[in-house]
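Listed here are the chains, written in short residue letters.
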Amino acid sequence: IEGPMLYSKEAAPESWPWVLAGQVEDFPHNGGVAVKHGKEEVAVFHLPGQVDEDGRWLCVQNLCPHKQVRAISRGLVGVKPEGLITLADPVYKSIYDLRTGSGMSHANLNLSTFQVKVDEQGQVLVKLPPADQMADSFARQSREAADKKDFKPPP
């Protein structure tokens, strides 16, 4: 699915709820975990070695925009010398800026991003749209992409 990301953490409305993703100890250091949200999934990454707080916990859609495989959470995380945090899709090897969701190897492939915080009890919370709204948005985006390419599923 080519084009802009559906959701950006910077544009998240105040009305979106904070959704429990798990406890801090549930997340591997320097890796990601898929978290179910209704019919959809997000990928939450824990990078404790990051100096700046906004890079320690990151969340993007778990759906690969290239082939719609739910595998982004298993991607390879890297840090460039200038501090850019990257994510390589584990299947198709597309590379993204993990902070912004912007496609680096394919500028038209982008990941939605979501805010993450950890509360005093060690709960990891993600600010997400309502589950049905998120599912409808991703389904609509997929239909529009298929229509644009005149894709017809086999009978």
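These notes cover the structure that comes with them. Source: prediction; values computed, not measured.

**With respect to the overall build of the chain**
A tally of helices and strands in the chain yields one helix and ten strands. Whereas a compact globule of 155 residues would reach a radius of gyration of roughly 15 Å, the chain reaches 15 Å, a difference of no more than 12%. By the burial criterion, 43% of the 155 residues in the chain qualify as buried. When contacts within the chain are restricted to residue pairs at least 6 apart in sequence, those whose partners lie at least 24 apart make up 52%. In the structure as shown, the chain presents an accessible area of about 8400 Å², 53% of it carried by carbon and sulfur atoms. Looking at charge distribution, the chain has the averaged site of its 17 positive side-chain charges lying 7 Å from that of its 20 negative ones.

**Observations regarding the side chain of Asp-119**
Tracing the backbone shows Asp-119 in the loop between β9 (116-118) and β10 (123-127). One buried charge, Asp-119, has no salt-bridge partner; the nearest side chain with opposite charge is Lys-117, at 7.4 Å. Side-chain polar atoms of Asp-119 contact the backbone nitrogen of Gln-123, separated by 2.9 Å.

**What about the nonpolar core?**
Judged by nonpolar contacts, the single largest core of 17 residues is most densely connected at Val-42, Val-44, Phe-114 and Val-126. Setting aside residues up to four positions removed in sequence, Phe-114 forms contacts with Tyr-7, Lys-9, Trp-16, Val-42, Cys-59, Val-60, Gln-61, Val-126, Lys-127, Leu-128, Pro-129 and Met-134. Judged by nonpolar contacts, the second largest core, of 13 residues, contains Leu-47, Ile-85, Leu-98 and Leu-111.

**A closer look at the state of the cysteines**
Counted under the stated rule, the structure contains zero disulfides. Among the cysteines around Cys-59, which has no disulfide bond, Cys-64 carries the closest sulfur, lying 16 Å off.

**Thoughts on the sheet that holds strand β5 (residues 76-79)**
Spatially, three strands are ordered β5-β6-β7 in an open sheet, and the strand pairing comes out antiparallel. Across the chains shown, the open sheet's two edge strands, defined by having one partner strand only, are β5 and β7 (95-97). Averaged over all pairs of adjacent strands, the angle between strand axes in this sheet comes to 30 degrees, irrespective of strand direction. Here β5 pairs with strand β6 (residues 85-88) via four bridges, running antiparallel. Bridged to Val-77 within β6 is Leu-87.

Here is what the cut-offs are and how they apply
Residues numbered from 1 in each chain as written. Predicted model: local features only at pLDDT ≥ 70, side-chain atom pairs only at ≥ 80, totals over all residues. Heavy atoms only, no water. Helix = DSSP H or I, 4+ residues; strand = E, 2+ residues; numbered from the N terminus. Rg over C-alpha atoms; globule rule 2.2 N^0.38 Å. Buried < 20%, exposed > 50% of the residue type's maximum accessible area, 1.4 Å probe, protein only. Contact = heavy atoms within 4.5 Å. Areas by Shrake-Rupley, 256 points an atom, 1.4 Å probe, with all protein chains shown as cover. Lys, Arg positive; Asp, Glu negative; His and termini not counted. Charge placed at Lys NZ, Arg CZ, Asp CG, Glu CD. Salt bridge = Lys/Arg side-chain N within 4 Å of Asp/Glu carboxyl O. Polar contact = N/O pair within 3.5 Å; in protein donor to acceptor, adjacent residues only side chain to side chain. Core = buried A, V, L, I, M, F, W, Y, C linked by side-chain atoms within 4.5 Å. Disulfide = S-S within 2.5 Å. Pairing = 2+ DSSP bridges. Axes fitted to C-alpha atoms, helices over the stretch in contact; angles between N-to-C directions.

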